[in-house]
Amino acid sequence: MKAYLVKTGVLIEPFGDEVGEAYMGGQSLAETTSSALRWADLEIETASSSSDLPLSGDYLILPDSLFLTRRCIREFLGATASLREISRLALLRSAATDYSAPLQDTAEKDDSVAYDLYRFRGAEMPRDLSWPNLKIFLASRSRLATLDPRPRIEQLPQSRPGPPWTTLELPRTTLLAAEVRHWTHLVWINHLLPWVRLEEHWEDRPGLKRSLRSRGRNPYKRAARRSIIGANCDIHPTAYVEGSILGDKVKLGPFASVRDSIIGPGVEIADLTKFKRCVVGEGCHTLNDSYFIGCTFYPGSTLASFMLRNSVLGRRVFITSGVMFWDEAIEAPVSVRQAGGEVDTGRWQLGGCAGHECVLGTRAIFLPGRAVPNRTMIVMRPEEGVVKLPQSAERLVPHVYHQGRIRKMAEVLPGYEPKEIEP
Amino acid sequence: MKMYIYHSGTALMPFGDDVLEAQLMLGTLAQAQERACVRHGVELVRIDKPSEALDRPCLLAADYVYFSEKALGDFLKTAAEKKASAAALALKRCVSVEHTLPLQDVVLNDWEDDRGQVVYDLWLVPEGPLSDDPGLVRAALAERCPALTVPMREVVHAVRLPVIDEQERYFKYPFTSTICCHISHWAHLLWLSQLALGIAWNDCFRNHKLRAAGKAIWAVLRRMSFNKWKILSGMNLRGPGCDVHPTAYLEFSRLGRNVKIGAGACVRNSLVGDDVVIADHAVVINSVIGNGCYLTENFFMVSSLCYPGSTLGNLKMQMAVIGRDVYLHGWCSLLDAKFVGDIKVMHHGKRVGTGRSFMASCVGHRAVLGAKVLIHPGREIPNDLLMVSRPEDVIAEVPESIPPRTPMVRDAGTLVTLESLNNRPKT
């Protein structure tokens, strides 16, 4: 059977990339979709309008902005095998659909969410319809084939003022579908992909090997045993890897920790650096003692941060330790820019996004949900850095920072007693 | 025998709570008093005025008095041995007494010599009426009830403090369960929380001797070592439903029910309440964390007290008191050191020295501190304070088009080119 990928022309901002180039689990979205379709023995063709599709027959139609797991395609094909009409993929509403739902262009029914994966059968394809019109045509004539993702839920406590205390439900299932239209979707889908890819990997392995790696009662130790380590990795004995996929030639320094993450080939992780729920592109490297949670890094970046959460950094970005993409909204959920307007994501924890080849210097603090265009360079304000120091200093005489210099406090602020040294 | 605890109307600032609601170990002061009384078969009766204490002989105390189980037990035992019909609880001068002494309204006897003792407002009252007025009762009982010094033992561990002015300083950390204190300030809660580990473990060893001995033997056998750190890492008490990551390190700590401790976290010498989440790589040392708190990733907490329900995202915090349902963001720092002189705090409307160079501040209930700010030591942050960033500190608006590879700087909440900033007229 053939599957037709229809071009939608969706661009992911601030990168300006076509949606097929969006970075998902260490591959582009186009590669991810292709490998999932090929796994289900489907032949892939591309189309730009309905004229490129056969008039009739039995084939799949999906937009290039749709993310699907291989199990989703397989089960959809199974559920629609006996139907003689146009079928549309729907997933029962659960954490699996809700996790990446904000800003998606999906159709929500009573208890399910419909995605733009169609099985075309028993009808005649009209000609010259671009994707938006083709979508309307297919949606109006299709019947939903609803699948149940049945996710196992992991509760993520949310760091925000309370009460009430809230948690976010992280779904653990290999049956996922999502529309990719915004950089926030990269954040949310990449949170789920390390676990999904690991499950898919072990599904393909012989049962005995799988059982051996999955032995024991402690879930953390089991996850550590199920990690995949690529060829020629250099892992320090004090480093820790759990539930992760490491590409070839990855270097892990002392006390580094990688959990629930996908690390691309050739990544160098320096001492004491921690990754959790991250996807790190090929050839990235980190500086010492950095901490990343739920981030997606395109290839080739240099990463340093005291704490960076739920953010996306483009290709060859250099981010220094003092840069902060603040990710905890205090008074209202985080809103982001989409199609020229501000859209509420409904999420209380969301970082930011830096475009390709950005250089982000010290003391840049972004409020949640902000996106920086490609090739932006941010430097420190001139008056914030100390550029001149006294050649000598008297003992226990207080000095202060003043206009780029360190000077005696009595000269700059006569009569002021600093609170640290009041008698 | 009955113990009458009369209401003094003491309120703890900045919380505004009645002193009986003060957080002590993992409960309140009221619960601590009740537990001590139940342990020694004393019936606790709370009264509004001292004159309502009718039984004789009886124990009488003010509601701001904290007494540990051991202190009360030893007081009753010593009074019985000496056949004293009237007595006031006193402790001899020692490290643990001095640790909580600043800001307390207590009677000091012979303080400068070796026989120095502190007399607390807990009396064994003989025959005779009591006045309505707590002040008059204190004065009357000071004459009628002689001080009875309770025997005590303590182990002192010296912790080195930062060197300032070439003077080596040590924080003497006492480990004992014979503690008494008049609580009138948040600093007392902090100091008592620093002693809480000794109180909790000594009470545990005393009340569950067999279990404690079994645990110590098992800690040695399991690790096949007499290394003290290895044994201490086996001396933890976990409540049911705890989820501790295998790479987390626990040492000599007590965890409540359903506590979750993430990867690489370290909890040493601490008391952790029910339903607490300590996220990955967080460090908790010598602290007390109330029920339902959430300590976010990489958080570092030393010698602090946290009321229930708070979310703490501060990167480093030492010697602070955090109120109920507080939200503390990573960029709000509580400074905890003073280079010259001691840290002063507000007490009864005046700034009073604590005699300490290392102590942070107290954050009131439900405060939300989400701004980049440094708070000097010894400050009281009021309840319900919502503190947000100044617009010039953050980038709130990212311009839609930014010239590529051109140095940009933060300015008034957005990004401008460095060149335009340099070309501005200087004021």
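Predicted model, so just to flag it, every value in this text is computed and none were measured. (Residues numbered from 1 in each chain as written. Chains lettered and ligands numbered in written order. Predicted model: local features only at pLDDT ≥ 70, side-chain atom pairs only at ≥ 80, totals over all residues.)

**Describing the overall build of chain B**
Turning to step 1, where the next piece is worked out: A tally of helices and strands in chain B yields eight helices and 42 strands.
Turning to step 2, where the next piece is worked out: With 427 residues in all, chain B has 46% of them scored as buried.
Turning to step 3, where the next piece is worked out: Counting only contacts in chain B whose residues sit at least 6 apart along the sequence, the fraction spanning at least 24 positions is 46%. (Helix = DSSP H or I, 4+ residues; strand = E, 2+ residues; numbered from the N terminus. Buried ≥ 20, exposed ≤ 12 C-beta atoms within 10 Å, placed from the backbone. Contact = placed C-beta atoms within 7 Å.)

**Some thoughts on the overall build of chain A**
Turning to step 1, where the next piece is worked out: In terms of helices and strands, chain A carries eight helices and 42 strands.
Turning to step 2, where the next piece is worked out: Viewed in the frame of its principal axes, chain A has a C-alpha envelope of about 90 × 50 × 40 Å.
Turning to step 3, where the next piece is worked out: Expressed as a percentage of the 423 residues in chain A, the buried residues total 45%.
Turning to step 4, where the next piece is worked out: Contacts spanning at least 24 positions in sequence make up 51% of the contacts within chain A whose residues lie at least 6 apart.

**Things to note about helix H6 (residues 209–223) of chain B**
Residues and elements named next belong to chain B.
Turning to step 1, where the next piece is worked out: Under the 1.5 Å per step criterion, the end-to-end length of H6 is 21 Å for 15 residues, consistent within 8% with the ideal 21 Å.
Turning to step 2, where the next piece is worked out: Burial analysis of H6 places just zero of its 15 residues in the buried class, a small minority of the element.
Turning to step 3, where the next piece is worked out: Directly after H6, the chain includes Met224, whose backbone phi takes a positive value near 50 degrees. (Expected span 1.5 Å × (residues − 1).)

**What about the domain arrangement of chain A?**
Turning to step 1, where the next piece is worked out: You can read the domains of chain A as domain 1 (2–181), domain 2 (226–378) and domain 3 (385–421).
Turning to step 2, where the next piece is worked out: Of note, the centres of domain 1 of chain A and domain 3 of chain A, computed from C-alpha atoms alone, are 62 Å apart. (Domains from an automatic or database assignment.)

**Describing the nonpolar core**
Turning to step 1, where the next piece is worked out: Tyr66, Ala88, Leu89, Cys180, Ile278 and Leu295 of chain B are the most contacted members of the largest nonpolar core, which has 114 residues in total.
Turning to step 2, where the next piece is worked out: Element by element, the count of residues in this core is highest for helix H5 (residues 186–207) of chain B, at 12 residues.
Turning to step 3, where the next piece is worked out: Counting the residues that make up this core, at least three belong to each of domain 1 (2–191) and domain 2 (239–387) of chain B.
Turning to step 4, where the next piece is worked out: Non-local contacts of Ala88 of chain B, meaning those with residues more than four positions away in its chain, are made with Val119, Leu122, Trp123, Leu141, Cys145, Pro146, Ala147 and Leu148 of chain B.
Turning to step 5, where the next piece is worked out: Core analysis: the next-biggest nonpolar cluster, separate from the first, contains 108 residues, Ile61, Phe120, Val180 and Ile378 of chain A among them. (Core = buried A, V, L, I, M, F, W, Y, C linked by C-beta atoms within 7 Å.)

**Details of the interface of chain A and chain B**
Turning to step 1, where the next piece is worked out: Taken residue by residue, the interface counts 40 residues in chain A and 44 residues in chain B.
Turning to step 2, where the next piece is worked out: Elements with a contribution of two residues or more to the side of chain A that touches chain B: helix H7 (219–225), strand S21 (257–259), strand S24 (274–276), strand S27 (291–293), strand S38 (365–366), strand S39 (371–372) and strand S40 (377–378) of chain A.
Turning to step 3, where the next piece is worked out: Of the residues belonging to the side of chain A that touches chain B, the class tally is 22 nonpolar, six polar and 12 charged.
Turning to step 4, where the next piece is worked out: Bridge count between S40 of chain A and strand S41 (residues 407–411) of chain B: two bridges; the pairing is parallel. By the bridge assignment, Ile378 of chain A is partnered in S41 of chain B with Met408 of chain B. (Nonpolar A, V, L, I, M, F, W, Y, C, P; charged D, E, K, R; others polar. Pairing = 2+ DSSP bridges.)

**Some words on the sheet that holds strand S23 (residues 277–278) of chain B**
All names here are of chain B.
Turning to step 1, where the next piece is worked out: Read across the sheet, eight strands follow the order S17-S20-S23-S26-S29-S32-S37-S40 without closing on themselves; strand pairing throughout is parallel. The open sheet has two edge strands with one neighbour each: strand S17 (243–244) and strand S40 (386–387).
Turning to step 2, where the next piece is worked out: With two bridges joining them, strand S26 (residues 294–295) and strand S29 (residues 311–312) adopt parallel strand pairing. From the neighbouring strand, Tyr294 faces S29, where its bridge partner is Thr311.

**Here we look at the environment of Arg268 of chain B**
Residues and elements named next belong to chain B.
Turning to step 1, where the next piece is worked out: Tracing the backbone shows Arg268 in strand S21 (residues 266–268).
Turning to step 2, where the next piece is worked out: Residue classification places Arg268 among the buried residues on the basis of 20 C-beta atoms within 10 Å.
Turning to step 3, where the next piece is worked out: When the C-alpha atoms of Arg268 and Cys180 are compared, they prove to be 25 Å apart, with 88 residues separating the residues in sequence.
Turning to step 4, where the next piece is worked out: Excluding anything up to four places from it in sequence, Arg268 contacts Glu251, Phe252, Ser253, Ile285 and Asn286.

**Section: the sheet that holds strand S30 (residues 308–309) of chain A**
Strands pair in a sheet through their backbones, by hydrogen bonds, and they do so in one of two ways: parallel or antiparallel.
Residue and element names in this part refer to chain A.
Turning to step 1, where the next piece is worked out: Read from one edge of the open sheet, five strands run S18-S21-S24-S27-S30, paired in parallel fashion. Of all strands in the sheet, those bounded by a partner on one side alone are strand S18 (240–242) and S30.
Turning to step 2, where the next piece is worked out: Looking at chain direction, S21 and S24 are connected through three bridges and run parallel. In the sheet register, Val258 faces S24, and the bridge partner there is Phe275.

**Notes on the environment of Phe339 of chain B**
All names here are of chain B.
Turning to step 1, where the next piece is worked out: Tracing the backbone shows Phe339 in the loop between strand S33 (332–334) and strand S34 (344–347).
Turning to step 2, where the next piece is worked out: Judged by the 14 C-beta atoms lying within 10 Å of it, Phe339 is partly exposed.
Turning to step 3, where the next piece is worked out: Each C-alpha atom of the pair Phe339 and Val163 lies 9.6 Å from the other, and the pair is 176 residues apart in sequence.

**Describing the pairing of strand S42 (residues 414–417) of chain B**
Residue and element names in this part refer to chain B.
Turning to step 1, where the next piece is worked out: Relative to S42, S41 runs antiparallel, the two sharing four bridges. The residue of S42 that forms the bridge with Asp411 is Thr414.
Turning to step 2, where the next piece is worked out: Between S41 and S42, which pair antiparallel in sequence order, lie two residues; one of them, Ala412, sits at a positive phi of approximately 50 degrees.

**What about the environment of Met307 of chain A?**
Turning to step 1, where the next piece is worked out: Position of Met307 of chain A among the secondary structure elements: in the loop between strand S29 (302–303) and S30.
Turning to step 2, where the next piece is worked out: On the basis of neighbour count, Met307 of chain A is assigned to the buried category, with 21 C-beta atoms found within 10 Å.
Turning to step 3, where the next piece is worked out: Contact partners of Met307 of chain A, with chain neighbours within four places excluded, come to Tyr291 of chain A together with Glu297, Asn298 and Gly330 of chain B.

**What about the confidence of the model for chain B?**
Turning to step 1, where the next piece is worked out: Averaged over all residues, the pLDDT of chain B is 91; the fraction at 70 or higher stands at 99%.
Turning to step 2, where the next piece is worked out: In the model output, the complex is listed with pTM 0.91 alongside ipTM 0.89. (pLDDT = per-residue confidence, 0-100.)

**With respect to helix H5 (residues 183–203) of chain A**
All names here are of chain A.
Turning to step 1, where the next piece is worked out: With 21 residues, H5 extends 30 Å from end C-alpha to end C-alpha; this agrees with the ideal 30 Å at 1.5 Å per step.
Turning to step 2, where the next piece is worked out: If you look at H5, its biggest bend is around 35 degrees, right at Leu193, and the proline Pro194 turns up within four residues after that.
Turning to step 3, where the next piece is worked out: By the criterion of burial, H5 is predominantly enclosed, with 16 of the 21 residues buried. (Bend = angle between axes of the 7 residues up to and from the residue.)

**A few points about unusual backbone geometry**
Turning to step 1, where the next piece is worked out: Omega for the bond connecting Glu13 of chain A with Pro14 of chain A falls within 30 degrees of zero, at 10 degrees, which places this linkage in the cis form.
Turning to step 2, where the next piece is worked out: As for its position among the elements, Pro14 of chain A is in the loop between strand S2 (11–12) and strand S3 (17–18).
Turning to step 3, where the next piece is worked out: Note that the residue after Arg56 of chain B, namely Pro57 of chain B, is joined by a cis bond; omega there is -10 degrees.
Turning to step 4, where the next piece is worked out: On the secondary structure map, Pro57 of chain B appears in the loop between strand S6 (43–47) and strand S7 (58–62).

**A few points about the pairing of strand S35 (residues 350–353) of chain B**
Residues and elements named next belong to chain B.
Turning to step 1, where the next piece is worked out: Bridging between S34 and S35 involves four bridges; their strand directions are antiparallel. Bridge pairing in S35 places Lys344 opposite Gly353.
Turning to step 2, where the next piece is worked out: Counting the residues in the hairpin turn of S34 and S35 gives two residues, including His348, whose phi is positive at 50 degrees.

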